[in-house]
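Tertiary structure, described
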Amino acid sequence: MLNIILSQANVWHRKDFHLSNLGTTLAKLAALAGGAVIGTLLARWVDEMLATRAHERSEYDRTRYAKGLGPMPMEPLEPQADESEH
């Protein structure tokens, strides 16, 4: 009688382990899918932001060229020393 109870408990344990493993797998898949959706939304937002910024810069440069001016002056990456300091 004790053997039957122990073997039945062992079957339940294996079944619970299988369901737990299945639940863990489903949770991991849900997290992976959620991360993919969030990554897609962030990529789309950044792309729209950069496209808007590039369009604004293009319009600004276009109006400057129409006035006969050059593009917006770019600042140097490194500060250059004045010759008067030497």
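Please refer to the structure higher up on the page.
Attention in this report is confined to the structure presented alongside it. (Residues numbered from 1 in each chain as written. Predicted model: local features only at pLDDT ≥ 70, side-chain atom pairs only at ≥ 80, totals over all residues. Heavy atoms only, no water.)

**Side note on the overall build of the protein**
- The number of helices and strands found in the protein is 1 helix and 0 strands.
- Taking all 86 residues of the protein together, 2% fall into the buried category.
- Total accessible area on the protein stands at roughly 8,300 Å², and carbon and sulfur atoms take up 63% of it. (Helix = DSSP H or I, 4+ residues; strand = E, 2+ residues; numbered from the N terminus. Buried < 20%, exposed > 50% of the residue type's maximum accessible area, 1.4 Å probe, protein only. Areas by Shrake-Rupley, 256 points an atom, 1.4 Å probe, with all protein chains shown as cover.)

**Overview of the pattern of salt bridges**
- Under the definition given, this model contains 2 salt bridges.
- With a shortest N-O distance of 3.3 Å, Asp-61 and Arg-57 are connected by a salt bridge. Here the residue Asp-61 and the residue Arg-57 both occupy positions in helix H1 (residues 2–66), the gap between them amounting to 4 residues, near one helical turn.
- Classification of Asp-61 as buried rests on a relative accessible area of 13%.
- The class for Arg-57 is partly exposed, based on a relative accessible area of 31%.
- Measuring nitrogen to oxygen at the nearest pair gives 3.0 Å for the salt bridge that ties Arg-62 to Glu-59. Of this pair, Arg-62 and Glu-59 both sit in helix H1, 3 residues apart, which is roughly one turn of that helix. (Salt bridge = Lys/Arg side-chain N within 4 Å of Asp/Glu carboxyl O.)

**Comments concerning a nonpolar patch on the surface**
- On the surface, a nonpolar cluster with roughly 590 Å² of combined accessible area is contributed by Ile-38, Leu-42, Trp-45, Val-46, Met-49 and Leu-50.
- By the element assignment, Met-49 lies in helix H1. (Patch = residues over 30% accessible without salt bridge, like charges linked within 9 Å, V, L, I, M, F, W, Y side chains within 5 Å.)

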